[in-house]
Structure formats: structure tokens, C-alpha cells
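Listed below, chain by chain, are the residues.
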Amino acid sequence: RPRVLSGIQPTSGSFHLGNYLGAVRQWVDLQEANDAFYMVVDLHAITVEQDPAVLRQNTRISAAQLLGAGLDPERCTLFVQSQVPEHAQLAWVMNCLTGFGEASRMTQFKDKSAKQGSDRTTVGLFTYPVLMVADVLLYQADAVPVGEDQRQHLELTRDLADRFNTRYGKTFTVPEPYILKATAKIQDLQDPAAKMSKSAATDKGLVNLLDPAKTSAKKFKSAVTDTDTVVTYDEANKPGVSNLLRIHSALSGLSTDELVAHFEGKMYGALKTELADLFTEWVTPFQARTQQYLDDPAELDRVLALGAEKARAVASETLAEVYDRVGFLAPK
Ligand code: TYM
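This structure is a prediction, so every number in the text was calculated from the model and none was measured.

A. Inspection of the packing of aromatic side chains at higher detail. As enumerated under the stated definition, the model contains 12 aromatic pairs in all. Geometrically, the ring pair formed by W27 and Y38 is stacked, given 4.7 Å between the ring centres and 5 degrees between the ring planes. Of this pair, W27 sits in helix 1 (residues 17-30) while Y38 sits in strand 2 (residues 35-40), and the two are 11 residues apart along the sequence. Ring geometry for W282 versus F286: centroids 5.0 Å apart, planes at 20 degrees, classification stacked. Residue W282 and its partner F286 are located together in helix 12 (residues 268-294), separated by four residues, close to a single helical turn. Residue class for W282 comes out buried when judged on its relative accessible area of 18%. On the basis of relative accessible area, F286 is assigned to the buried category, the value being 1%. Taken together through their ring pairs, the aromatic side chains of Y20, F220, F279, W282 and F286 make up a single cluster. Between the NZ or CZ atom of K112 and the centre of the ring of Y128, over which it lies, the distance is 5.3 Å.

B. Local environment of the site of the ligand. Near the ligand lie 27 residues; those nearest to it are Y128, D135, G147, D149 and I186. Within the contact set of the ligand, an oxygen atom lies 2.5 Å away from a side-chain nitrogen or oxygen of Y128. At 2.8 Å, a backbone N or O of G147 approaches an oxygen atom of the ligand. Taking 720 Å² as the accessible area of the ligand by itself, protein coverage stands at 95%. For the shell around the ligand, the secondary-structure elements that each account for two or more residues are strand 1 (3-8), helix 1 and helix 7 (123-138). Of the residues assigned to the shell around the ligand, the class counts are 12 nonpolar, 11 polar and four charged.

C. Up close: the side chain of S6. Following the sequence through the fold, S6 ends up in strand 1. By relative accessible area, S6 is classed as buried at 2%. In this structure the side chain of S6 is engaged in a polar contact, spanning 3.4 Å, whose partner is the side chain of W27. Leave out the neighbours within four places in its chain, and S6 touches W27, F37, Y38, M39, V144, P145 and V146.

D. Quick look at the pattern of salt bridges. Counted by the stated rule, this structure contains 15 salt bridges. R151 serves as the salt-bridge partner of E148, at 2.8 Å between the closest nitrogen and oxygen. Residue classification places R151 among the partly exposed residues on the basis of a relative accessible area of 32%. Where K238 meets D228, a salt bridge forms, and the shortest distance between an N and an O atom there is 2.5 Å. Placement of the pair is K238 in the loop between helix 9 (213-221) and helix 10 (239-252) and D228 in the loop between helix 9 and helix 10, with a sequence separation of 10 residues. Overall, the relative accessible area of 38% leaves D228 in the partly exposed class. Among the charged side chains, a network of salt bridges with common partners joins E32, D72 and R75.

Scoring rules and cut-offs
- Residues numbered from 1 in each chain as written.
- Predicted model: local features only at pLDDT ≥ 70, side-chain atom pairs only at ≥ 80, totals over all residues.
- Heavy atoms only, no water.
- Phe/Tyr/Trp six-rings, centres within 6.5 Å; stacked < 30°, edge-to-face > 60°.
- Helix = DSSP H or I, 4+ residues; strand = E, 2+ residues; numbered from the N terminus.
- Buried < 20%, exposed > 50% of the residue type's maximum accessible area, 1.4 Å probe, protein only.
- Lys NZ or Arg CZ within 6 Å of the ring centre and 35° of its normal.
- Near = heavy atom within 4 Å.
- Polar contact = N/O pair within 3.5 Å; in protein donor to acceptor, adjacent residues only side chain to side chain.
- Areas by Shrake-Rupley, 256 points an atom, 1.4 Å probe, with all protein chains shown as cover.
- Nonpolar A, V, L, I, M, F, W, Y, C, P; charged D, E, K, R; others polar.
- Contact = heavy atoms within 4.5 Å.
- Salt bridge = Lys/Arg side-chain N within 4 Å of Asp/Glu carboxyl O.

Structural data, given as C-alpha cells:
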């Protein structure tokens, strides 16, 4: 079975709709026919300052949401990154293979560090993409399901896998990105030019999965569209409406063509109301399942401990091979 791997940051507790449609939904589908490894990346989270108690809680909330979204620990390996020490260990080796200029060209780093200023930007944030490279290569992943914003990091992953293989002999599988065009970039409901993100200036366009459904329904109803009134799919000229149509399509299973026909003669308000209802219908049971896992932290920790054990079995094998190839003495 092909191997897939992906990760998500626990940074702010609730996932948003972009995380779900861009990535997590694919994780759930892919666990059926693949050997799937999914993790909450708490090592990545501390590249910006975290309150320890909040981080611990957000890591549990994240794992609970992944289970609530439909990950099944019988079918996939779900774990927390810091519980598998090989991630940090392989990251060091990959850091020593990465060019300073190469890392400096990562656009997410450039954006984030420009916002923070260089004194608040950590070296950890700079090498963040290299840790992600290690995450993927440790598991010899064939495919990595992510949203569009992670594409450049996966190109780096492929480059570094090739570089290592060339220098030390074939060791790593060179992974393919798994990015579904229709949902790869969910936009902010207030600013359709920007991707939905927790770091937006206001959260009015951000749909948090754990917010009360009513709050999110309101956000859909006040989504920014345009001064036209006809519901058509046109990314260049009607980015707001097109984003709403893409979200509707993802939740309803209807194609955007079918939706345009469905909304013929109706105004934007009809699209927004229907979308609010569709989302509420999906999110209500999602929240209930997530809450069940949060109400039983012992069971949650048991699932994660088992996941970490399964992950380590794979990760430690790769790391041992890497250490050997690089020329480290084998431990006695
Ligand atoms: P993170 O935590 O920022 O986001 C998790 C996933 O959600 C996707 N995503 C989106 N998709 C569509 N539209 C959006 N508006 C949107 N916003 C976020 C992201 O592309 C991602 O797939 N570096 C990664 C986590 C990571 C990882 C890995 C991923 C660490 N190690 C190894 C894959 C493999 C990140 O910060 O994702």
C-alpha cells in the first residue's frame, strides 16, 4: 500500500475551514487505501512563542478534531510529533544539507518574518521547512496531502531527498504533493484575495470549526461578494462568489456547474443562506464527535501513545539508516 503522511499545527486550538477542506478531508479519504501517518506538529508550533499549558491543551484539541473529522486509529497512525524524537534528529541532518540561500527563499518564512521583524523571528522559524522535510522523509512517504500553501515546502522536500540520495546512495522515497485543485486554497470570506488563515487581521472572514455554528453561519451570510448579482463561477472577476461556490461544492458534492444552474435567477443571499445551512449540518456532528474525545482525555492519550509507538517503529528504522550513511558510529 502506498504510504501517505501529513501534519497540522495545533497553534490556535480550533482548525478552520481551509484546514479541513484543503487537507484534513483528504486525510480521512486516504486512510482507506493507504498506509497513512498523520500528526499534530507541536515542534513546528514552538517556532513562535507558545504558552505551555495552552499548547498542551491545543495539541489534545487538535487530535480530538482529527478524530472528530473521521480519522480512525484502526486505519491510520495518528500521533504527536514531539513524541517521536526522530523528527528533531533527522531535521538536524537535513539542516546540514540545506543551503542558507535555499532556506531564505521560502516564501512562508519571508512573509512571517517580515510581519514579525527580525528580532522576534526565531532561527526555528527559519528552519521550519527543513523540519517538515524530515517529517515526510522519515516515513518514506509516497504522497503528502496538503493545501496549496505547502507546495514550496514539498518542492524543498523533493530536492533534499534527491540531494541526500545522490550524495549518500538511495535512502529516501521522493514524495509527490497531493493537492486537490478545487479545495487547495480556500479564501478568507471578507478578503477573497487572501487565503483563509488564522493570521488574518480580523477573524470576520475566518470560519473556525469549533465556534458555535451560529457564529459561522453569520460569517457566511456577511461574506464579501461583488456588485454584480448573478451567481456564476469566475475566479478572476468574482473571487468572493467563486470561493463560496467552491466551498458549497465541497460540502454538497455538487459541481460548480450544477450549482450555477441551481442558483439561476436567485441572488447571492440564496447562495449564502444555503451555504450556512450546509456548513451547520456538517459541523454539528463534527463538534459532537470532537467533544466526545475531549471528554475522555485518557482514551485520547492512549490513542496517541499507540500512534507514537507505531510511528517510531518506522521513523527509527529510517533514522538508523541515515545515521549509518552519513558516517556516524553505530551505538553499542
Ligand atoms: P498548517 O497547520 O498551517 O495547515 C494544515 C493544512 O491545512 C492547509 N491549509 C489550507 N488549505 C486550503 N485553504 C486554506 N486557506 C488553507 N490553510 C491551510 C495547509 O496547506 C495544510 O495542509 N507546515 C504545515 C504542517 C506540517 C506538514 C508536515 C504538512 C508539518 N510537517 C509534513 C505535511 C507534511 C502547516 O503549517 O500546516
